[in-house]
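Examining the three-dimensional arrangement
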Number of protein chains: 2
Amino acid sequence: MRVVQLLAASPEDFRTYPVEQLDLTLAGIAGDRHAGATRPSDARTPWHARGTPIANTRQLSFVSVEECAEVAALLGVPEVDPALLGANLLLEGFPELSFLPLATRLQFPSGATIFVTEQNAPCVHPARKLAEAFDQPRLAALFPKAAIGRRGLVGLVEREGMVRTGDAVRVVAPPGAVSRRQAVPEAASL
Amino acid sequence: MRVVQLLAASPEDFRTYPVEQLDLTLAGIAGDRHAGATRPSDARTPWHARGTPIANTRQLSFVSVEECAEVAALLGVPEVDPALLGANLLLEGFPELSFLPLATRLQFPSGATIFVTEQNAPCVHPARKLAEAFDQPRLAALFPKAAIGRRGLVGLVEREGMVRTGDAVRVVAPPGAVSRRQAVPEAASL
């Protein structure tokens, strides 16, 4: 897997813009809209009152070239620009990126490491941006369904460092993961 | 699910001791051995040089009454004390606690909320403590196999607040979780 494009967002706009490198800090991407040790609770965390300060487990988001191409094909548009999705990293070489197990780590040559916290669910912001970009209002309604399971992942920075365009990405599976199947043989002897 | 026992650890000892309540902060349990916005990388994170400061996604650990009883039965001992496991919360009413999906939230009446980051893998510390407690050296070798898939989970504090003995626990499944099966029908129309 490798880094095809890096993007960041200014505080005013949901959309991201291409940059050459990202400076990952333990509070997220330095200067990015989603950086911060905490974030205010929003529609994604309805089990907290809106605006409650909560740990920022959505510091950055990443999508794959392959899944973006699938969404574009489903929508009948030439491409889905990760900038319109507000993504921070566009990765290539792991087609089903959205199904990487949570707690997987993505490590870059500098040592910078992302801890995968959640799947990203399609929301209305990119749907509207896509509809505007292609001047096709129907896309706003079609995007969420086309993007489900292809919207990439979000994570937090486990270790600080720089990420650069073209970087190789090391994928570290969660080492403690135990399946129910592994536990069953022991249970049988109870 | 409810809170049966709460425990904390002093900085000097792996074992936890019972307390009436836990003060959850965004850096973990106030005063606890495992509190901190960061922790030094250790044997559990061999993709970082040992001692590298990394985000603390293991602020606290929790086990279930039911799984501890299973481990005790497998080891042929009367009980497995969560204090010897270094656990912070002993929960009851969700027998397969260790298989809760990652990114599940456990929310307490105060609003305090834990974000589940990883399964906990059996390690040598509790194995030795158990062997000492029962004066049975064989337990040190048997524990890891008996405890696999029953060792509970670790997490970080998503929202601050107090947790009290007897608290009811609200389990919030990760809302963005999409299965491969959900994504496939769309893929078929590509």
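Rules used in this analysis
Residues numbered from 1 in each chain as written. Chains lettered and ligands numbered in written order. Predicted model: local features only at pLDDT ≥ 70, side-chain atom pairs only at ≥ 80, totals over all residues. Heavy atoms only, no water. Helix = DSSP H or I, 4+ residues; strand = E, 2+ residues; numbered from the N terminus. Rg over C-alpha atoms; globule rule 2.2 N^0.38 Å. Contact = heavy atoms within 4.5 Å. Lys, Arg positive; Asp, Glu negative; His and termini not counted. Charge placed at Lys NZ, Arg CZ, Asp CG, Glu CD. 1 Å grid on protein atoms, 1.4 Å probe; cavity = no way out; pocket = protein on both sides within 12 Å on 5 of 7 lines; lining within 4 Å. Points joined across faces, edges and corners; volume = space filled by probe spheres on them. Nonpolar A, V, L, I, M, F, W, Y, C, P; charged D, E, K, R; others polar. Buried < 20%, exposed > 50% of the residue type's maximum accessible area, 1.4 Å probe, protein only. Salt bridge = Lys/Arg side-chain N within 4 Å of Asp/Glu carboxyl O. Least-squares fit on C-alpha atoms with pLDDT ≥ 70 in both. Pairing = 2+ DSSP bridges. Axes fitted to C-alpha atoms, helices over the stretch in contact; angles between N-to-C directions. Polar contact = N/O pair within 3.5 Å; in protein donor to acceptor, adjacent residues only side chain to side chain. Core = buried A, V, L, I, M, F, W, Y, C linked by side-chain atoms within 4.5 Å. Arc of directions from axis to C-beta.

As a further point, take the overall build of chain A. On a plain count of helices and strands, chain A comes out with 5 helices and 13 strands. The C-alpha atoms of chain A give a radius of gyration of 18 Å, which matches the 16 Å a tight globule of 190 residues would have. The principal-axis extents of the C-alpha atoms in chain A amount to approximately 65 × 40 × 35 Å. For chain A, contacts bridging at least 24 residues in sequence account for 70% of all contacts bridging at least 6. Computing the positive centroid from 19 side-chain charges and the negative centroid from 20, chain A places the two 6 Å apart.

On to the layout of surface pockets. Residues and elements named next belong to chain B. In this structure, the largest pocket spans a volume of roughly 750 Å³. Lining the largest pocket we find 34 residues, and of these His34, Arg39, Asp42, Arg44 and Arg58 sit closest to its centre. Going through the elements one at a time, β5 (38–40), β7 (60–64), β10 (113–119) and α3 (124–133) are the ones with two or more residues in the lining of the largest pocket. In the lining of the largest pocket, the residues fall into 13 nonpolar, 12 polar and 9 charged.

On to the environment of A:Leu90, then. All names here are of chain A. Residue placement: Leu90 occurs in strand β8 (residues 89–92). Of the residues examined, Leu90 reaches a relative accessible area of 9% and is grouped as buried. In this structure, the C-alpha to C-alpha distance between Leu90 and Phe62, residues 28 residues apart in sequence, is 5.9 Å. Filtering out sequence-adjacent residues up to four positions away, Leu90 remains in contact with Arg2, Val3, Val4, Gln5, Val63, Ser64, Val65, Cys68 and Pro82.

Residue and element names in this part refer to chain B. As for its position among the elements, Arg151 is in the loop between α4 (138–147) and β11 (153–159). With no salt bridge to any partner, buried Arg151 finds its closest opposite charge in Glu67, at an N-O distance of 8.5 Å. The contact partners of Arg151, leaving out residues within four places of it in the chain, are Phe14, Phe62, Val63, Leu85, Ser98, Asn120, Ala121, Pro122, Pro126 and Phe143.

To continue, consider the relation of the copies chain B and chain A. It takes a turn of 180 degrees to lay chain B on chain A, together with a shift of 0.0 Å along the axis; the resulting RMSD is 0.0 Å. What the superposition gives is, in effect, a two-fold axis relating one chain to the other. Taking the C-alpha atom as reference, chain B places B:Leu102 closest to the rotation axis, 3.2 Å from it. When the interface residues of chain B are mapped onto chain A, 98% of them are again interface residues, pointing to one common binding face.

Strand pairing in a sheet is mediated by backbone hydrogen bonds. Such pairs are either parallel or antiparallel. Residues and elements named next belong to chain B. Strand order in the open sheet formed by 8 strands is β2-β1-β8-β7-β11-β10-β9-β13, with mixed pairing between adjacent strands. Looking at which strands have only one partner, the edges of the open sheet turn out to be β2 (17–19) and β13 (170–172). Sheet twist, expressed as the mean angle between neighbouring strand axes with direction ignored, is 35 degrees. Looking at chain direction, strand β1 (residues 2–8) and β2 are connected through 3 bridges and run antiparallel. Bridged to Ala8 within β2 is Tyr17.

Below, the discussion takes up the pattern of salt bridges. Tallied over the entire structure, the rule returns 12 salt bridges over all chains. The residue A:Glu92 makes a salt bridge to A:Arg2 at a minimum N-O spacing of 3.3 Å. Taken together, the residues span a long stretch of sequence, with A:Glu92 in strand β8 and A:Arg2 in strand β1 (residues 2–8) at a distance of 90 residues. Here A:Glu92 falls in the partly exposed class, since its relative accessible area comes to 29%. On the basis of relative accessible area, A:Arg2 is assigned to the partly exposed category, the value being 40%. The partner of B:Asp13 in a salt bridge is B:Arg15, and the shortest N-O contact between them spans 3.1 Å.

Turning our eyes to something else, we now look at the interface of chain B and chain A. In this assembly, 52 residues from chain B lie in contact with 51 residues from chain A. Across the contact surface, chain B and chain A share 2 salt bridges. Here B:Arg105 and A:Glu118 are joined by a salt bridge, their closest N and O atoms 3.2 Å apart. Connecting chain B to chain A are 12 residue pairs in polar contact (both at pLDDT 80 or more). At the level of elements, β6 (53–55), α1 (65–75), β9 (105–107), β10, α4, β11, β13 and α5 (180–188) of chain B are the ones that each hand at least two residues to the side of chain B that touches chain A. Along the lines of polarity and charge, the residues of the side of chain B that touches chain A split into 25 nonpolar, 15 polar and 12 charged.

Time to look at the nonpolar core. Of all hydrophobic cores here, the largest spans 52 residues; its most connected members are A:Phe62 and B:Phe62. Residues contacting A:Phe62, with those up to four places away along its chain left out, are A:Leu89, A:Leu91, A:Leu97, A:Leu106, A:Ile114, A:Val116, A:Arg151, A:Gly152, A:Leu153, A:Val154 and A:Gly155.

All names here are of chain B. Residues of α1 that are buried include every one of Glu67, Cys68, Val71, Ala72 and Leu75, and no others. The arc that holds every buried residue of α1, seen down its axis, measures 145 degrees, which confines them to one face. On the buried face of α1, the contacting elements are β7, α2 (82–85), β8 (89–92), α3 and α4. With its phi angle positive at about 70 degrees, Gly76 sits one or two positions after the end of α1.

Treat this as a map of the structure, not an account of what it does.
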